[in-house]
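Analysis of the macromolecular model
So you can see what is in the structure, the chains are spelled out below.
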Amino acid sequence: MTQGGYPVPVDISIITIFPEFFASPLQVSFVGRAQERGAVSVDLVDLRTFGKGVHRQVDDAPFGGGAGMVMMIEPLAQALDPLEHTHRILLTPAGKPLDQSMLDRWSQMPALTLVCGRYEGVDERIADHYIDEEVSLGDFVLLGGEAAALAIIEGVVRLIPGVVGNPESTETESFRHDGLLEEPQYTRPAEFRGMKVPEVLLSGDHGKIAEWRAEQRRQRTRDRRPDLLRED
Ligand SMILES: C[S@@+](CC[C@H](N)C(=O)[O-])C[C@H]1O[C@@H](n2cnc3c(N)ncnc32)[C@H](O)[C@@H]1O
């Protein structure tokens, strides 16, 4: 089945207590256009809909005592029940650090669910029984999972074939074909306030330019991210 020319649109559901967080970011640039063209659909699930009582409560004090509140299992489980067929990702600092290979994998899946925590996090039984993968944006603590969910959406959407005009631009950048950081880029003017672009880029010699770029990628990665260098 095709929809708007995209053979397999990716359906993304986001479970959050702040659906309004996503209003503007989901409308702009490629993410907005990808939705208009049917490459991706984003469904915002307001967790409060499943909250308890008149106040639509979604959090409670932790068993055993301690600071803050914990998101309760019941509203989250009810929100996740109809999304059992999707690949369910919980955003948490305790998850596996997000990387390009995860985004590659998820961009080929038909349906993803991103669960955004708040407060002190979510009842562990959610991670144990309703989640396929726990993912962290990095070794720091955010107020909630929404910013991490947006990072995933941006990373996934740009990999859906046809979303970014020139497929080469997603193939040749950092962390892709050779696993290295991308080389430095320059554009006009060739000189600004005495700062010149590297001569080789103006030479028109495509062989030399390719060699220079490859060396820059290796050097940059060695200097900034030696952990990315593969042992061959
Ligand atoms: C204040 S944090 C909870 C932090 C938790 N008490 C801890 O110490 O690990 C609230 C929510 O923000 C989200 N969050 C915070 N930092 C994150 C990160 N680095 N990656 C992904 N999600 C994060 C998670 O959904 C988390 O449940």
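Placed above this text is the structure.
In this report, the structure presented in the accompanying data block is examined. All values reported here derive from a predicted model rather than from experimental measurement. (Residues numbered from 1 in each chain as written. Predicted model: local features only at pLDDT ≥ 70, side-chain atom pairs only at ≥ 80, totals over all residues.)

1. Focus on the overall build of the protein
The helix and strand tally for the protein stands at 7 helices and 9 strands. Overall, the protein is about 70 × 45 × 40 Å in size when its C-alpha atoms are taken along their principal axes. Residues counted as buried form 23% of the 232 residues belonging to the protein. (Helix = DSSP H or I, 4+ residues; strand = E, 2+ residues; numbered from the N terminus. Buried ≥ 20, exposed ≤ 12 C-beta atoms within 10 Å, placed from the backbone.)

2. Comments concerning the sheet that holds strand β7 (residues 133-136)
Spatially, 5 strands are ordered β2-β1-β6-β5-β7 in an open sheet, and the strand pairing comes out parallel. Each edge of the sheet is formed by a strand with only one pairing partner; in this case those strands are β2 (40-46) and β7. Along the sheet, successive strands turn relative to each other by an average axial angle of 30°, direction set aside. Bridge analysis of strand β5 (residues 87-97) against strand β6 (residues 111-116) gives 5 bridges, and the strand direction is parallel. Considered in β6, the bridge of H87 is made with L112. (Pairing = 2+ DSSP bridges. Axes fitted to C-alpha atoms, helices over the stretch in contact; angles between N-to-C directions.)

3. Some points on the site of the ligand
Around the ligand, the structure places 20 residues, and the nearest of them are L91, G117, L137, L142 and G145. The residue makeup of the shell around the ligand, split by class, is 11 nonpolar, 7 polar and 2 charged. (Near = placed C-beta within 6 Å. Nonpolar A, V, L, I, M, F, W, Y, C, P; charged D, E, K, R; others polar.)

4. Some thoughts on the nonpolar core
One finds L76, L91, L114, V115, A149 and V157 to be the most contacted residues of the largest nonpolar core, which totals 38 residues. Of all the elements in the fold, those that place two or more residues in this core are β1 (10-16), α1 (29-36), β2, α2 (73-80), β5, β6 and α5 (146-157). No other element matches the 6 residues that α5 contributes to this core. (Core = buried A, V, L, I, M, F, W, Y, C linked by C-beta atoms within 7 Å.)

5. Details of the packing of α1 against α5
Close contact between α1 and α5 brings their axes to 10 Å; oriented N to C, the two are set at 65°. On the basis of their axis angle, the class for α1 and α5 is roughly perpendicular. Note that α1 runs across α5; the crossing there is left-handed. Within the contact between the two elements, α1 uses F30, V31 and A34 and α5 uses I153, E154 and V157. When its residues are assigned to classes, the contact of α1 with α5 shows 5 nonpolar, no polar and 1 charged. (Parallel < 35°, antiparallel > 145°, perpendicular 65-115°, else oblique. Left-handed = near helix turned anticlockwise from the far one by under 90°. Contact = placed C-beta atoms within 7 Å.)

6. Thoughts on the environment of D11
Note that D11 resides in strand β1. Taking the C-alpha atoms as reference points, D11 and D43, separated by 32 residues in sequence, lie 7.7 Å from one another. Non-local contacts of D11, meaning those with residues more than four positions away in its chain, are made with S41, P110 and A111.

7. Remarks on the pairing of β1
Counting buried positions over the 7 residues of β1 gives 6, a clear majority of the element. Once the chain exits β1 it traverses α1 before rejoining the sheet at β2, and the crossover so formed is right-handed. In this sheet, β6 lies alongside β1 in parallel orientation, the contact comprising 5 bridges. The residue of β6 that forms the bridge with I14 is L114. (Right-handed = clockwise from strand over helix to strand, strands pointing away.)

8. Quick word on unusual backbone geometry
Between R188 and the following residue, P189, the backbone shows a cis peptide bond with an omega angle of 5°. With respect to the helices and strands, P189 occurs in the loop between α6 (167-171) and β8 (191-192). Backbone geometry at S29 places phi at a positive 55°, although glycine is not the residue there. As for its placement among the helices and strands, S29 is situated in helix α1.

9. What about the environment of V58?
Secondary-structure assignment places V58 in the loop between β2 and β3 (59-60). Classification of V58 as buried rests on a count of 22 C-beta atoms within 10 Å. In sequence terms V58 and L76 are 18 residues apart; their C-alpha atoms lie 8.2 Å from each other. If we ignore the near neighbours within four places in the chain, the residues touching V58 are I17, L47, R48, G51, M71, M72 and P75.

Purely geometric stuff here, so don't read any function into it on its own.
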